[in-house]
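A look at the structure
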Number of protein chains: 2
Amino acid sequence: MKRKIIKPSLASGFRDYLPDEMAEFQRMTDIIRGVFERYGFSPLDTPGIERLEILTGGDKNFKKQIFTTSKERGDVPLALRFDLTVPLARVAAQYPALKKPFKRYQFGKVWRGEKAQAGRLREFLQCDVDIVGSRSGMADAEIISVAYETLKALGMENFTIKINNRKLFDALPEAVSFPEKKKESVIRALDKLDKTGWKSVRDSLRADKFTKKQIDKIADFVATGAVSSRETFAALRRKFSGSLKMESGIAEMENLAKNISVLGVPESAWKIDLSVARGLGYYTGSVFETIINDIPGIGSVCGGGRYDNLVERFGQASLPAVGISVGIARLFTAMTELGMIKKRPALTEAIILNFDAACEEYVQSIASDLRKGDVRTEIYLGNEETLKGQLAYALNREIPVVLVAGSDEKARNTVQIKNIAARIQTETSIKDAARKVKEVLGKKVLMI
Amino acid sequence: MKRKIIKPSLASGFRDYLPDEMAEFQRMTDIIRGVFERYGFSPLDTPGIERLEILTGGDKNFKKQIFTTSKERGDVPLALRFDLTVPLARVAAQYPALKKPFKRYQFGKVWRGEKAQAGRLREFLQCDVDIVGSRSGMADAEIISVAYETLKALGMENFTIKINNRKLFDALPEAVSFPEKKKESVIRALDKLDKTGWKSVRDSLRADKFTKKQIDKIADFVATGAVSSRETFAALRRKFSGSLKMESGIAEMENLAKNISVLGVPESAWKIDLSVARGLGYYTGSVFETIINDIPGIGSVCGGGRYDNLVERFGQASLPAVGISVGIARLFTAMTELGMIKKRPALTEAIILNFDAACEEYVQSIASDLRKGDVRTEIYLGNEETLKGQLAYALNREIPVVLVAGSDEKARNTVQIKNIAARIQTETSIKDAARKVKEVLGKKVLMI
């Protein structure tokens, strides 16, 4: 049966992580997981495929952003999750026995069923932490503190966590005098600010029939910002004195500011930004976004907020929640641009060359010993038959220790151990090989 | 806007891992990753969504086992991967600069677009290791050795790696005298052996118009097996003396047996099983499956083999490969049944109770100290307002250390540290709190 030849490629919006990048990517997820666990979060896993109505909440217009999947007879409509928050809300509703507060972290791929655009991934890993079942402002503070510690632990220095509170938007209809139902227009308009600037926000509001006076007042609100958060709060109170709703939002932010400071997040790492809205989504209180100051164009690498009503979708009593999502794929891109990612051709620490068929068993037993000694060990298994060709492979992959065991070594029960960085070769009895290799690797670690 | 209430549930064939299980599941993946890395494999990640023709190889009948996804205008047909091997073959073809042999491991979800059946997952995690670009029989041996070490590292004792070689099936048409093109019928029939026994294999062969004599000879071939692999090889040679193809397969298996023994896989952990076929798939040489002896009904928890022609699908020169897939979801089920999974309600090591609004900052600063000291720490953030209620939450979640800091402790700059297992409480100055908590945790670890 002759088959046509298939071009090996991915659809646009999807990417591979080859080992030289994936080792670093994995190191990052390990670090993030460590921080999440230090804050007392426990792991959760949910499937990539959910029932469509779980994801849309029954809202048919939502569908267009979602990859749906084919189904078998008897299946309800199914789709790929677009975030980890809605599945978490489902879990919180589905398993009422879970003790609250429920602090979970989850690492998982999410999919965005949108049209492919240059530089925009349609599948990426998210790393989320959420606290479900706490109304305390200390929970919001903890989430920001986790975000801060995570970025620091990854080696980021120059970033800004932008903080806002949706309650301020709730106060706008009254404070600026426009109908309650037009609030979503403001949020939708503000979402454009980062990408296309003030003019398009104004155009959008004008199109939604806001008056010039209203637009100016909204602009004045959003522009409120000063050197310190304390001054921003004071300015907001001056501008909107008398608005109880505004005051309630300001008080929450003030409390948050105090708590994150106690938790060790310096004021240099965050600021109040009244333009942060985070779309029409499910947020009800604090909202956060994080930009890398040197490459703001990459967008938010870490965002979230408080969503006190999401679980209600599933017929449960209100279950308040707050959380944040670390966009590790975008962060990886940012760190690559900043030169912070060192590609590692191999995780392998030692390779045993293999050029003499009569020594195959000898070579395999040495490999076995090294692996038992916890050395990441390869045997050369490729097509190069010469010692020279095999050595070139080892050097190319930057494997730090190369072992040579031919018939001479076999006769003497020894192995040659090459320390590549130091250009030193020593012959060692095979019973000492693992110890010796670890010594070489240890030295290398010290030298770094 | 009133929305209908959505029932929080998953479609059949999908499952959640709640934290009490996920912590164990994650511990298992960490162990597996450690073994894979010790054998010199490096991590790869590829997307869950591939172009459909990559997965099917252009074979339209294949489609029915695959979840396809919706697509945007301009997209080619897309689908969810059903294994990690075909995407690996794509990667090997797409990035010719990858040094060969290319030893990679990959952890990833795969999806089976089949009709939901009781106990059958349609989404599960696979943990794969493969060696691409090596014809050496040592590569096959290494793969079996990795599988063995992985199961041992997970604490499994009583399992059997069943080994066969597809070249033996290649020899059957000549040795048993049936047309070459009927070989696939034999493989298809043998796939039913584990599930429905010999009778249905015979029925299946009869339906495919094999003669009684041919069927008896095939049955005799499959039944070849003895106490030791050495005897099995001898019996096969007696039965099929003169078949060069058979001899070539036997010699490969004999070589494999020798090599895995050198690598430390004891003969008690594996056996030759001539019924192992692994479906119509892409295998060309060695094939492996692994059963847990105490619960064979759960099926193979770890299987793979050699597939030397898969990369050709993508227009590349032949690139020989061999690998294995650890079915960790099935293994988790098996280990749960065997009572090997200890559910852990929380990873959290210490919780600070939080019942006095005047002490919130004090409590947060203690939490900060503990986290800096690498203690997995929670602050109680729920609705219980009493010390007693909060303590019940901590006990319920089996958190080993509970800290109490009220206004008395705040005045004295101290914190009460409860060692739950030992029922001891000590008051400690906050600057010593992290050290003291670690001491308590350390003792606990020693006591286990």
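An unreviewed UniProt entry lists chain A under the name Histidine--tRNA ligase. Quoted verbatim from the Catalytic activity (unreviewed entry) heading of the UniProt record, the comment on chain A is "tRNA(His) + L-histidine + ATP = L-histidyl-tRNA(His) + AMP + diphosphate + H(+)". Within the UniProt record for chain A, the comment given under Sequence similarities (unreviewed entry) is "Belongs to the class-II aminoacyl-tRNA synthetase family."

Details of the packing of aromatic side chains
The way to describe two aromatic rings as a pair is by their centre distance and the angle between their planes. With the rule as written, the count across this model stands at 29 aromatic pairs over all chains. Measuring from ring centre to ring centre gives 6.0 Å for Phe36(B) and Tyr105(B), while their planes differ by 55°; the resulting arrangement is tilted. A residue pair is termed long-range when its members are at least 10 positions apart, and Phe36(B) in helix H1 (residues 19–38) and Tyr105(B) in strand E5 (residues 102–111) qualify at 69 residues. A single burial state applies to Phe36(B) and to Tyr105(B), both of which are buried. One Lys or Arg, Lys103(A), reaches over the ring of Phe41(A) and ends 4.6 Å from the middle of that ring.

Describing the packing of H1(B) against helix H4 (residues 137–153) of chain B
All names here are of chain B. Two numbers describe how H1 lies on H4: the axes approach to 9 Å, and their chain directions differ by 145°. Two packed elements cross with a definite hand, and for H1 against H4 that hand is right-handed. In contact with Ile 31, Ile 32, Val 35 and Phe 36 of H1, H4 contributes Val 146, Glu 149, Thr 150 and Ala 153. Of the residues in the contact of H1 with H4, the class split is six nonpolar, one polar and one charged.

Details of the state of the cysteines
Residue and element names in this part refer to chain A. Enumeration according to the criterion identifies zero disulfides over all chains in this entry. Considering cysteine sulfurs only, Cys 302 is the nearest to Cys 127, which forms no disulfide, with 9.6 Å between them. With a relative accessible area of 0%, Cys 127 lands in the buried category.

Section: the domain arrangement of chain A
Examined at the domain level, chain A breaks down into domain 1 (19–337) and domain 2 (350–447). One C-alpha centre belongs to domain 1 of chain A, the other to domain 2 of chain A; they are set 51 Å apart.

What to know about the interface of chain B and chain A
Contacts between the two partners involve 109 residues from chain B and, on the opposite side, 109 residues from chain A. Buried surface at the junction of chain B and chain A, summed over both partners, amounts to about 9,600 Å²; 55% is from carbon and sulfur atoms. Taken as a group, Ile6(B), Met138(B) and Leu381(B) account for 8% of the area that chain B buries against chain A, more than any other trio of residues on that side. At the boundary of chain B with chain A, the tally comes to 14 salt bridges. A salt bridge links Glu142(B) to Arg371(A); the nearest nitrogen and oxygen atoms lie 3.1 Å apart. Taken together, the links from chain B to chain A amount to 47 residue pairs in polar contact (both at pLDDT 80 or more). Among the elements that line the side of chain B that touches chain A, the one with the most residues is H1(B), at eight residues.

Topic: the sheet that holds strand E10 (residues 302–306) of chain A
Residues and elements named next belong to chain A. Strand order in the open sheet formed by eight strands is E1-E5-E6-E11-E10-E9-E7-E8, and the pairing between neighbours is mixed. The open sheet has two edge strands, strand E1 (42–43) and strand E8 (270–272), and neither has a second partner. When strand E9 (residues 286–292) meets E10, the two strands line up antiparallel, connected through two bridges. When the bridges of E10 are listed, Phe 288 appears paired with Gly 304. In the packing of helix H1 (residues 19–38) onto the sheet, the strands contacted are strand E5 (102–111), strand E6 (123–132) and strand E11 (321–326), and the crossing angle to E5 comes to about 160°.

Observations regarding the sheet that holds E5(B)
All names here are of chain B. Taken in spatial order, the eight strands of this open sheet run E1-E5-E6-E11-E10-E9-E7-E8, and their pairing is mixed. The open sheet terminates on both sides in strands that have one partner only, identified here as strand E1 (42–43) and strand E8 (270–272). Strands strand E6 (123–132), strand E9 (286–292) and strand E11 (321–326) of the sheet are contacted by helix H11 (residues 328–337), whose axis makes an angle of about 120° with E6.

Structural notes on the environment of Arg104(A)
Residue and element names in this part refer to chain A. Structurally, Arg 104 is set in strand E5. By relative accessible area, Arg 104 is classed as buried at 0%. Arg 104 sits 26 residues away from Asp 130 along the chain, and the two C-alpha atoms are 5.8 Å apart. Not counting the four nearest positions on each side in its chain, Arg 104 is found in contact with Phe 41, Ser 42, Leu 44, Leu 84, Leu 88, Asp 128, Val 129 and Asp 130. A polar contact is formed between the side chain of Arg 104 and the backbone oxygen of Leu 84, at a distance of 3.3 Å. Here Asp 130 takes part through its side chain, which lies 2.9 Å from a polar atom of the side chain of Arg 104.

Conventions adopted
- Residues numbered from 1 in each chain as written.
- Chains lettered and ligands numbered in written order.
- Predicted model: local features only at pLDDT ≥ 70, side-chain atom pairs only at ≥ 80, totals over all residues.
- Heavy atoms only, no water.
- UniProt positions renumbered as here; feature names shortened; annotations may be inferred.
- Phe/Tyr/Trp six-rings, centres within 6.5 Å; stacked < 30°, edge-to-face > 60°.
- Helix = DSSP H or I, 4+ residues; strand = E, 2+ residues; numbered from the N terminus.
- Buried < 20%, exposed > 50% of the residue type's maximum accessible area, 1.4 Å probe, protein only.
- Lys NZ or Arg CZ within 6 Å of the ring centre and 35° of its normal.
- Axes fitted to C-alpha atoms, helices over the stretch in contact; angles between N-to-C directions.
- Left-handed = near helix turned anticlockwise from the far one by under 90°.
- Contact = heavy atoms within 4.5 Å.
- Nonpolar A, V, L, I, M, F, W, Y, C, P; charged D, E, K, R; others polar.
- Disulfide = S-S within 2.5 Å.
- Domains from an automatic or database assignment.
- Buried area = accessible area lost by both parts, 1.4 Å probe.
- Salt bridge = Lys/Arg side-chain N within 4 Å of Asp/Glu carboxyl O.
- Polar contact = N/O pair within 3.5 Å; in protein donor to acceptor, adjacent residues only side chain to side chain.
- Pairing = 2+ DSSP bridges.

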